[in-house]
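Overview (structure and organization)
If you want the building blocks of each chain, they are given just below.
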Amino acid sequence: MKSVTNEAIIQLKDIDVTFHTKGQTVNAVKNVSLTVNRGDIYGVVGYSGAGKSTLVRVINRLQRPTAGTVSVNGQAILNLRPKELRAARTKIGMIFQHFNLMASRTIADNVDYPLKGGSLSRAERKDKVDHLLDLVGLTDKASDYPAQLSGGQKQRVAIARALANDPEILISDEATSALDPKTTSSILELLKRLNQELGLTVVLITHEMEAVKEICNKVAVMDEGAIIERGSLVDIFSQPKQPLTRDFINTATQIDQALVKIYKQADKLDLGDTQQLVQLQYVGDQTDSPLITELYKRYGVVSSILYGNVEILQDTPLGNLIVVMSGEPDKLTAAWDYCQEQGVRITHLKSKNSEVA
Ligand SMILES: Nc1ncnc2c1ncn2[C@@H]1O[C@H](COP(=O)(O)OP(=O)(O)OP(=O)(O)O)[C@@H](O)[C@H]1O
Ligand SMILES: [Mg+2]
């Protein structure tokens with residue numbers, strides 16, 4: 001299994017992209033710096049219009065930035081001559097939401113297309129196409145036409161085509177946005193496998209945090225042309241700082257729904273004077289039961305679990321519990337301190353007479 005490296009493969013520095021259309025100025029990308037390391041699956045998430053596509057188009061100079069520098073594989077992309085740029089672009093594959101396949105050509109011909117005019121013989125090209133179709137699991141569709149394929153299969157063809165020239169980087173711009181959840185998962189799994197087997201670096205543009213959660217090791221959140229937060233997947237999910245990041249994360253976990261249900265019954269919760277509703281969040285190997293046992297053994301604090309969930313992100317467990325803790329005020333304070341010492345994030349949600357947080 002190829003692992004993530006510390007070697008920068010894409011470096012965007014101080015990128016601005018400004019559009020002037022019909023007397024209007026749009027600052028689509030504002031002062032963005034971004035480093036992607038070889039082997040990363042780097043998620044870029046943001047709502048529509050945030051500037052995600054514009055930013056990634058800068059990587060292969062489909063979009064020239066108004067300001068800033070772009071380095072890919074150590075090459076200063078903005079200084080390349082047309083021929084050099086064409087060569088550099090073959091090492092950066094791209095896939096899109098709408099697949100962009102050629103309807104009048106077979107699946108094999110679609111995949112073969114980027115190889116035309118290259119150095120391979122006809123027989124070598126055929127081998128290559130066979131290999132690529134095998135890689136994406138579509139060997140039996142070689143002679144079919146795009147219209148005969150499902151959306152997920154079409155995206156697999158687009159992936160095979162994007163890999164034809166052995167790129168080191170694959171940019172996926174909303175490649176799963178038109179697919180149902182199950183098909184989305186299978187495409188994401190394929191990207192993950194290509195990342196591990198080929199060492200492919202992936203930049204995954206999406207508005208779905210769920211997709212990021214499934215395969216990315218790093219994530220940047222974009223809003224109005226700027227990156228407002230970035231970090232490792234686990235850090236972003238366990239300690240989001242920006243409200244927008246939290247919004248995105250909430251769409252990818254069940255906690256919000258659980259809280260809504262719990263709050264609906266909040267009146268029935270009938271918390272006593274010595275009780276409080278809290279959320280406990282922890283990262284890593286510790287599991288909930290020892291923590292709750294310790295709180296009881298040490299402080300006599302009883303915790304009853306209303307909701308519990310552990311997600312595995314990048315092999316790291318991320319736990320979330322919503323509990324009612326019961327104990328005398330000084331014991332509760334000690335229990336809070338203990339949680340924090342243990343690296344467990346504890347958030348007060350409700351006490352007897354307080355409004356919900
Ligand atoms: N060629 C262009 N000319 C003028 N404005 C543009 C151009 N391309 C993008 N924009 C504007 O730049 C901003 C960012 O657009 P961009 O397509 O990068 O966003 P996005 O995050 O990819 O959105 P989506 O999720 O809808 O794809 C938008 O306001 C858009 O209208
Ligand atoms: Mg876009």
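Residues numbered from 1 in each chain as written. Chains lettered and ligands numbered in written order. Predicted model: local features only at pLDDT ≥ 70, side-chain atom pairs only at ≥ 80, totals over all residues. Heavy atoms only, no water.

As annotated in an unreviewed UniProt entry, the protein chain is ABC-type metal ion transport system, ATPase component from Levilactobacillus senmaizukei DSM 21775 = NBRC 103853. Under the heading Function (unreviewed entry), UniProt records this for the protein chain: "Part of the ABC transporter FtsEX involved in cellular division. Has ATPase activity. Essential for cell division and viability." Turning to the protein chain, the UniProt annotation filed under Sequence similarities (unreviewed entry) states: "Belongs to the ABC transporter superfamily." (UniProt positions renumbered as here; feature names shortened; annotations may be inferred.)

**Some thoughts on the site of ligand 1**
The full set of residues close to ligand 1 is Phe19, Val26, Ala28, Tyr47, Ser48, Gly49, Ala50, Gly51, Lys52, Ser53, Thr54 and Glu174. Separating an oxygen atom of ligand 1 from a backbone N or O atom of glycine 51 is a distance of 2.9 Å. Lysine 52 is positioned such that a nitrogen or oxygen atom in its side chain is 2.8 Å from an oxygen atom of ligand 1. The fraction of the free accessible surface of ligand 1 (630 Å²) that becomes covered by protein chains is 60%. For the shell around ligand 1, the elements supplying multiple residues, two or more each, are strand E2 (24–37) and helix H1 (52–59). For the shell around ligand 1, the element with the most residues is H1, which contributes 3 residues. Each residue belonging to the shell around ligand 1 can be placed in one class, and the counts come to 5 nonpolar, 5 polar and 2 charged. (Near = heavy atom within 4 Å. Polar contact = N/O pair within 3.5 Å; in protein donor to acceptor, adjacent residues only side chain to side chain. Areas by Shrake-Rupley, 256 points an atom, 1.4 Å probe, with all protein chains shown as cover. Helix = DSSP H or I, 4+ residues; strand = E, 2+ residues; numbered from the N terminus. Nonpolar A, V, L, I, M, F, W, Y, C, P; charged D, E, K, R; others polar.)

**Notes on the environment of threonine 333**
In this structure, threonine 333 sits in helix H13 (residues 329–341). Taking the C-alpha atoms as reference, threonine 333 lies 58 Å from leucine 78; in sequence the two are 255 residues apart. Among the polar contacts made by the side chain of threonine 333, one reaches the main-chain carbonyl oxygen of proline 329 at a distance of 2.9 Å.

**Structural notes on the sheet that holds strand E4 (residues 67–72)**
Taking strand neighbours across the sheet as the criterion, the 4 strands line up as E2-E1-E4-E5 in an open arrangement whose pairing is antiparallel. Lying at the two open borders of the sheet, with one neighbouring strand each, are E2 and strand E5 (75–76). Examined bridge by bridge, E4 and E5 share 2 bridges and lie antiparallel to one another. Each residue of the ladder has a partner; that of valine 72, found in E5, is glutamine 75. With respect to the sheet, H1 is in contact with strand E1 (8–21), E2 and E4, its orientation differing from that of E1 by roughly 125°. (Pairing = 2+ DSSP bridges. Contact = heavy atoms within 4.5 Å. Axes fitted to C-alpha atoms, helices over the stretch in contact; angles between N-to-C directions.)

**Structural notes on the domain arrangement of the protein chain**
If you check the domain split of the protein chain, you get domain 1 (8–251) and domain 2 (255–351). Measuring from the centre of the C-alpha atoms in domain 1 to the corresponding centre in domain 2 gives 40 Å. At the interface, 11 residues of domain 1 touch 8 residues of domain 2. When the two sides are added together, the surface that domain 1 and domain 2 hide from each other amounts to roughly 850 Å², 59% of it contributed by carbon and sulfur. (Domains from an automatic or database assignment. Buried area = accessible area lost by both parts, 1.4 Å probe.)

**With respect to unusual backbone geometry**
One non-glycine residue, aspartate 166, adopts positive backbone phi at about 50°. Structurally, aspartate 166 can be placed in the loop between helix H5 (151–162) and strand E7 (169–173). At glutamate 174, a position not held by glycine, the phi torsion is positive, near 55°.

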